[in-house]
Amino acid sequence: MGNSRSQSGQKFCSRFLPEEQAEIDRLFDALSSEMHSPSTSPRSFSLKALKSHIGEALPPEMVTRLYDGMRRVDLTGKAMRPSDSVSQEQFTVSMSHLLKGNSEEKSLVILKMISATECPVKAREVQKFTEDLVGSVVHVLNYRQELRGWTQKRGPGPPSRVQVLAAQLFSEMDLRGGEKILGPQQLDCECDRATIEDWVFRAPHVATFLSVVIHRGFLLLRSSLDLTTLVPECHVDQERVFESILDVLSVIYINSHLRREQQGRWHLLFSSELHGHSFAQLCGHITHRGPCVLLLEDHDGQVFGGFASCSWEVRPQFQGDDACFLFSIYPRMAVYTSTGYNDHYMYLNHGQQTIPNGLGMGGQHGYFGLWIDVDFGKGHSKAKPKCTTYNSPQLSAQENFGFKKMEVWAVGDSSGSQQAKSSKSILDVDPEAQALLEISGRSRHSEGLRDVPEEE
């Protein structure tokens, strides 16, 4: 490359494969050749050069943060003042820390992206960094046209979806002594390097989002980041224009709590907008379809739902297992997993006179963590103080709520694998007719003409 690297630069270069290092060197050559200031060394690059190279792929504030993080890397260990440009060694070390480093090394660069001071940073500075990071992920995925069928959705008002996910990530930070940041009065608390390191380890999305920003923003080492498990493919069997309750950030968040084999593809099973406000239609579209995500948007604009780890079946008993969970998307993001207190994970029933008819998750009859009544459009979320099954709070704005939208998504590549595999009957063509027979308890005579399913 025409110059020798320092020992520090050589140390961290070894983390990259030869072909990866060659790509990093080519990017540095491109950046350092864009000379915009006579004071810039020939073997370094300026902020102006970096912004010119990246263009509109990333928001300007994130480009500045990345640049500051790189130029503040101290290769000497003597805490010297930051350089006025980024050298090849600083660039390589920064990329090594952010893309291949451990939590300690990532936190070192993150601190330098947040503040120029060597002192601990304020919690509010970390909060602003988190919002910039989450916003940059949406920005670059949208710019590179890699939303995979999802949208960049805006909330009905403050907070934005970016702020909601950023708040969730920020909430995973523990201050000294394990104290949580619970309100604005704690935003002036100091966060030292150990706090940031623990946060990066505790909230893996921070490192993942930084990787997305670099890989897709810089167009660097793109093959080493597989977006398939981060952003699942959105599949809708409709020619009509369909606007989901979900946006790309909420999908990323929920998807991260699923098993890897369920993360690649989401297939719409039911939408009240497309299939009608009908409980029978709901049953007909979601039964025997494998694991799925259920979502509701109530009349107050709150978005919440649950993950069913097993196929829904119409029957008077509870079903499912401890992989099920409830979640909230707006105005805050959170996932609530099984407590082990009971096995009331999933419930779907109709046509009974002595027990509730509807769809429920968690809690008990008449007191579910999430309940959709057979009188479609109404439900409840009763949790005083918490749902016994999932330890979830009240998910809806009102305990007894009305909802304007409902969606159910099958997750994974084989969403229809649990359906009957033989030829279709009229019941398959008309899912509402199928559901009406099931919920009335009447037998399906055509079932005897099919192969016996491998498992139910």
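Residues numbered from 1 in each chain as written. Predicted model: local features only at pLDDT ≥ 70, side-chain atom pairs only at ≥ 80, totals over all residues. Heavy atoms only, no water.

Participant: How do you make sense of the layout of surface pockets when you look at a structure like this?
Facilitator: To find leftover empty space, a probe the size of one water molecule is rolled over the atoms. Computed from the structure, the second largest pocket encloses a volume of approximately 710 Å³. Forming the boundary of the second largest pocket are 33 residues, of which Ala167, Gln168, Ser171, Arg332 and Met333 lie nearest the centre. Looking at the lining of the second largest pocket, the elements with two or more residues in it are helix H7 (123-143), helix H8 (161-171), helix H10 (204-217) and strand E11 (334-337). It is H8 that contributes the most residues to the lining of the second largest pocket, 8 residues altogether. Of the residues belonging to the lining of the second largest pocket, the class tally is 19 nonpolar, 9 polar and 5 charged. (1 Å grid on protein atoms, 1.4 Å probe; cavity = no way out; pocket = protein on both sides within 12 Å on 5 of 7 lines; lining within 4 Å. Points joined across faces, edges and corners; volume = space filled by probe spheres on them. Helix = DSSP H or I, 4+ residues; strand = E, 2+ residues; numbered from the N terminus. Nonpolar A, V, L, I, M, F, W, Y, C, P; charged D, E, K, R; others polar.)

Participant: Looking at this structure, how should I read helix H11 (residues 248-255)?
Facilitator: Along an α-helix, residues three or four apart share an orientation, since each turn contains 3.6 residues. H11 sits mainly inside the fold: 8 of its 8 residues count as buried. Where H11 is concerned, the buried positions are Val248, Leu249, Ser250, Val251, Ile252, Tyr253, Ile254 and Asn255. (Buried < 20%, exposed > 50% of the residue type's maximum accessible area, 1.4 Å probe, protein only.)

Participant: In this structure, what is going on with the pairing of strand E12 (residues 346-349)? I would like to understand it.
Facilitator: By the alternation rule, side chains of E12 split into Met346 and Leu348 and Tyr347 and Asn349, which are all buried. As paired strands, strand E9 (residues 315-319) and E12 are joined by 2 bridges and run antiparallel to one another. When the sheet's bridge partners are listed, Arg315 is paired in E12 with Leu348. Across 3 bridges, E12 lies against strand E13 (residues 358-364) in antiparallel orientation. Pairing of Tyr347 across the sheet is with Gly360, part of E13. (Pairing = 2+ DSSP bridges.)

Participant: Honestly, the packing of aromatic side chains in this entry has me stumped. Any pointers?
Facilitator: We describe a pair of aromatic rings using the distance from one ring centre to the other and the angle between the two ring planes. Evaluated as defined, the whole model comprises 20 aromatic pairs. A centroid spacing of 6.3 Å and a plane angle of 55° characterise the contact between Phe45 and Tyr67, whose relative ring orientation is tilted. Taken together, the residues span a long stretch of sequence, with Phe45 in strand E1 (residues 44-45) and Tyr67 in helix H4 (residues 60-71) at a distance of 22 residues. Owing to a relative accessible area of 5%, Tyr67 belongs among the buried residues under this scheme. Members of the aromatic cluster, connected to one another through ring pairs, are Phe270, Phe304, Phe376, Phe401 and Phe403. (Phe/Tyr/Trp six-rings, centres within 6.5 Å; stacked < 30°, edge-to-face > 60°.)

Participant: Mind showing me how you'd approach the packing of helix H2 (residues 18-33) against helix H5 (residues 88-100) here?
Facilitator: Close contact between H2 and H5 brings their axes to 11 Å; oriented N to C, the two are set at 130°. Accordingly, the angle class assigned to the pair H2 and H5 is oblique. Considering how the two elements wind past one another, H2 and H5 form a crossing that is right-handed. Across the interface between the two elements, Glu20, Gln21, Ile24, Asp25, Leu27, Phe28 and Leu31 of H2 pack against Gln88, Phe91, Thr92 and Lys100 of H5. When the residues that make up the contact of H2 with H5 are grouped by side-chain class, the tally is 5 nonpolar, 3 polar and 3 charged. (Axes fitted to C-alpha atoms, helices over the stretch in contact; angles between N-to-C directions. Parallel < 35°, antiparallel > 145°, perpendicular 65-115°, else oblique. Left-handed = near helix turned anticlockwise from the far one by under 90°. Contact = heavy atoms within 4.5 Å.)

By themselves, these are just geometric observations and shouldn't be taken as functional.
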